[in-house]
Amino acid sequence: MPVDILKNNRMFVLTDSSYFNNFTLQISGTIPTDNIKHYLLFNRVDTGVELLTTNEPILKKL
């Protein structure tokens, strides 16, 4: 899976992910997806959060 590593390896931007592709298929063009990015955030153990958003997330505390 291609990723750009950000924020000391706790935040990743995924490109061409199946999660984003499935989201795009489900909304069937009802909203624009040009500016939406797929972020994956991890803590130091094993908890992960996936975000589809138009803004870069701000990580205040893990």
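Reading the values: rules and limits
Residues numbered from 1 in each chain as written. Predicted model: local features only at pLDDT ≥ 70, side-chain atom pairs only at ≥ 80, totals over all residues. Heavy atoms only, no water. Helix = DSSP H or I, 4+ residues; strand = E, 2+ residues; numbered from the N terminus. Buried < 20%, exposed > 50% of the residue type's maximum accessible area, 1.4 Å probe, protein only. Contact = heavy atoms within 4.5 Å. Areas by Shrake-Rupley, 256 points an atom, 1.4 Å probe, with all protein chains shown as cover. Pairing = 2+ DSSP bridges. pLDDT = per-residue confidence, 0-100. Polar contact = N/O pair within 3.5 Å; in protein donor to acceptor, adjacent residues only side chain to side chain.

J.: Looking at this structure, I do not really get the overall build of the chain. What am I missing?
T.: The helix and strand tally for the chain stands at one helix and four strands. Written out in order from the N terminus, the α and β elements of the chain read β-β-α-β-β. Looking at the chain as a whole, 23% of its 62 residues are labelled buried. For the chain, the proportion of contacts with a sequence separation of at least 24, taken over those separated by at least 6, is 33%. Working note: accessible area of the chain is about 5000 Å², and carbon and sulfur atoms make up 51% of it.

J.: I'm lost on the environment of Pro-57 in this one. Help?
T.: Relative to the assigned elements, Pro-57 resides in the segment after strand E4 (48-53). Sequence spacing of Pro-57 and Leu-41 is 16 residues, and the spatial spacing of their C-alpha atoms is 9.4 Å. Those residues in contact with Pro-57 that lie beyond four places of it in its chain are Met-11, Tyr-39 and Leu-51.

J.: I keep staring at the pairing of strand E3 (residues 37-42) and nothing clicks. Help me out?
T.: Within a regular beta strand, the side chains point alternately toward one face of the sheet and then the other, so they alternate between its two faces. When strand E2 (residues 11-14) meets E3, the two strands line up antiparallel, connected through four bridges. Within E3, the residue paired with Phe-12 across the bridge is Leu-40.

J.: Is there a simple way to explain the confidence of the model for the chain in this structure?
T.: Low pLDDT marks regions whose predicted coordinates should not be analysed in detail. Taken over all residues, the pLDDT of the chain has a mean of 80, while the share at 70 or more is 79%. Least confident of the elements in the chain is strand E1 (residues 3-6), whose mean pLDDT is 50; most confident is helix H1 (residues 18-27), at 93.

J.: Sorry, what's going on with unusual backbone geometry here?
T.: Excluding glycine, a negative phi dihedral is what most residues carry, and trans is how most peptide bonds are arranged. The phi torsion at Asp-16 lies on the positive side, around 55°, for a residue other than glycine. Relative to the assigned elements, Asp-16 resides in the loop between E2 and H1.

J.: Please explain the environment of Phe-12 as it appears in this structure.
T.: Positionally, Phe-12 belongs in strand E2. For Phe-12, a relative accessible area of 15% puts it in the buried group.

J.: Quick question: what am I supposed to make of the side chain of His-38 here?
T.: With respect to the helices and strands, His-38 occurs in strand E3. Relative accessible area serves as the criterion here: at 2%, His-38 is assigned to the buried category. For His-38, the side chain forms a polar contact with the side chain of Glu-50, separated by 2.6 Å.

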